[in-house]
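Spelled out from the first residue to the last, the chains are:
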Amino acid sequence: MKVLLTGGTGFIGSHAAVRLIELGHDVEILDNLVNSKVEVLDKIKEITGVKPGFHQVDLLDYEAVREVFKDGGYDLVIHFAGLKAVGESVEKPLLYYENNIEGTINLLKCMRESGVKKIIFSSSATVYGDTGETKFTEEMPVGVKISNPYGKTKYMIEEILRDEAVADEDLEVVILRYFNPIGAHESGLLGEDPNDIPNNLMPIIMKVARGEIKELKIYGDDYETVDGTGVRDYIHVVDLVDGHLAAIKKMKPGVLVYNLGTGRGTSVLEMVKMFEKASGEKLPYEIVGRREGDLGEVIANADKAKKELDWTALRTIEDAMRDTLNYLSQN
Ligand code: NAD
Ligand code: UD1
């Protein structure tokens, strides 16, 4: 297939590019490089022997996106592009609504114009909001008490995709709700390399390990969890990408929704211990108050993806930590 990856130079998109190329697909990337680097294309080539076609285009630039689609001949779009910093989205909601939602609308308009009928969208566990649940199935309500504009854009885009699939009955949509992606490519060439100060746990642990941040601040130890600290479902980025590959095979007109997670929860303190084991170093930390908008425990029920996609996450958190350390030691 000829596949366009929006956001394909980013953390998850670059790993997807590698897997798709390895399977013989023709991959092109559209990215404005707001949160990634053009060198990623060379890294993809180093791993696969193929440098994907690249369009440095902003999804907000409708005419430029149209140009990309004009000669594209794409069979499938995987839509990774978006801004994803939760804290920033609270400070700059309009930036997030404009970038993520208008960007998606432009993309869908161009797909419509050029007759591209398949799209996979990177959604997030955050769409489930604060329902009092800890383990989420795809059938549970979404859009309830989402605590930040970033999460709301994900929910709204899901709704836009559903409406578009009603209006165009040939459209094939897969919504993938990612839990907590971590890890890096085993080659050490690709990984998570945020341009700004990270706010997710793994990138912060890595910065503490490298002495760039003095200590990890653990946001609360009074949740109803195994040790009081927050519990999440961390999934290796390569497993996550394999979930996309499994979903491609099942695409059909209409909307399919899958959680991509492991179904297992790990607390912040457990993550600290695993990191210390993987690296052989002590990780300095301090327990501080809860972070606003945080939930105690968020775990995927991953049964639907297992049953319908025949996909399940294979890699462990230790694998992810080893791969991330390897990536950081090379970069
Ligand atoms: P990332 O920031 O590494 O990649 C996103 C890419 O999109 C970047 O390369 C960025 O330059 C590009 N981009 C942003 N706005 C753009 C625009 N207007 N036009 C063109 N390109 C644009 O993020 P990631 O971790 O790879 O995440 C990929 C997708 O998965 C995002 O939509 C994100 O919201 C979603 N997601 C990520 C996580 C996570 O923890 N990483 C969790 C759930 C969902
Ligand atoms: C966060 C976002 C969520 C987004 C997801 C993936 C919030 C409120 N939620 O979720 O919308 O979809 O990232 O991008 O920001 N932790 C610490 N210290 C830190 C950082 C994190 O203790 O310095 C804890 C958190 O409290 C949480 C766990 O580590 O219990 C994981 O945090 P994080 O990586 O930010 O992911 P989420 O909270 O799941």
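Up top is the structure these notes are about.
Residues numbered from 1 in each chain as written. Chains lettered and ligands numbered in written order. Predicted model: local features only at pLDDT ≥ 70, side-chain atom pairs only at ≥ 80, totals over all residues. Heavy atoms only, no water.

## Quick word on the packing of aromatic side chains
A ring pair, where both rings are aromatic, is described by two values, the distance of the centres and the angle of the planes. Stated formally: Pairs were defined over the aromatic rings of Phe, Tyr and Trp, the Trp ring being its six-membered one, requiring ring centres within 6.5 Å. Orientation was assigned from the angle between planes: stacked under 30 degrees, edge-to-face over 60, tilted for the rest. Burial classes: relative accessible area under 20% of the type maximum marks a residue as buried, over 50% as exposed, and values in between as partly exposed (1.4 Å probe, protein chains only).
In total, this model carries 2 aromatic pairs according to the counting rule given. An angle of 80° between the planes, with centres 5.4 Å apart, marks the rings of Phe69 and Tyr74 as edge-to-face. Ring geometry for Tyr128 versus Phe136: centroids 4.9 Å apart, planes at 20°, classification stacked. Owing to a relative accessible area of 1%, Phe136 belongs among the buried residues under this scheme.

## Regarding the site of ligand 2
Our working rule: Nearness is defined per residue: one heavy atom within 4 Å of the molecule or strand is enough. Polar contacts here mean pairs of N or O atoms no more than 3.5 Å apart (in protein, one a potential hydrogen donor and the other a potential acceptor; neighbouring residues in sequence count only if both atoms are side-chain atoms). Methods summary: accessible areas were calculated by the Shrake-Rupley approach with a probe of 1.4 Å, and residue burial reflects only the protein chains presented.
Taken together, 20 residues lie near ligand 2, and Leu201, Lys217, Arg232, Arg291 and Asp294 sit nearest. Note that an oxygen atom of ligand 2 is positioned 2.9 Å from one of the side-chain N or O atoms of Asn200. Measuring from a nitrogen atom of ligand 2, one finds a backbone N or O atom of Lys217 at 2.7 Å. With the chains in place, 90% of the 740 Å² that ligand 2 exposes on its own is no longer accessible.

## Let's talk about helix H7 (residues 201-209)
Worth spelling out the cut-off: Only DSSP runs of H or I reaching four residues or more are called helices, and only runs of E reaching two or more are called strands; each is numbered from the N terminus. Any two residues whose heavy atoms approach within 4.5 Å at even a single point are treated as in contact.
Most of H7 is tucked away: 7 of the 9 residues are buried. Those residues of H7 that fall on the buried side of the exposure criterion are Leu201, Met202, Pro203, Ile204, Ile205, Met206 and Val208. Where H7 is buried, its residues meet strand E8 (180-182), strand E9 (216-219), strand E11 (234-236), helix H9 (268-279) and helix H11 (317-330). Among the residues trailing H7, Gly211 stands out with phi positive, at a value near 80°.

## Description of the site of ligand 1
Residues in close proximity to ligand 1 total 27 residues, the closest being Asp31, Asn35, Ser36, Lys84 and Asn99. At a separation of 2.8 Å, an oxygen atom of ligand 1 approaches a polar side-chain atom of Tyr150. In this structure, Lys154 approaches ligand 1 through a side-chain N or O atom, which is 2.8 Å from an oxygen atom. Coverage of ligand 1 by the protein chains reaches 96% of its 820 Å² of free accessible surface. Of all elements in the fold, only helix H1 (11-22), strand E5 (118-124) and helix H6 (149-167) reach the threshold of two or more residues within the shell around ligand 1. When residues in the shell around ligand 1 are grouped by element, the largest group, 3 residues, is from E5.

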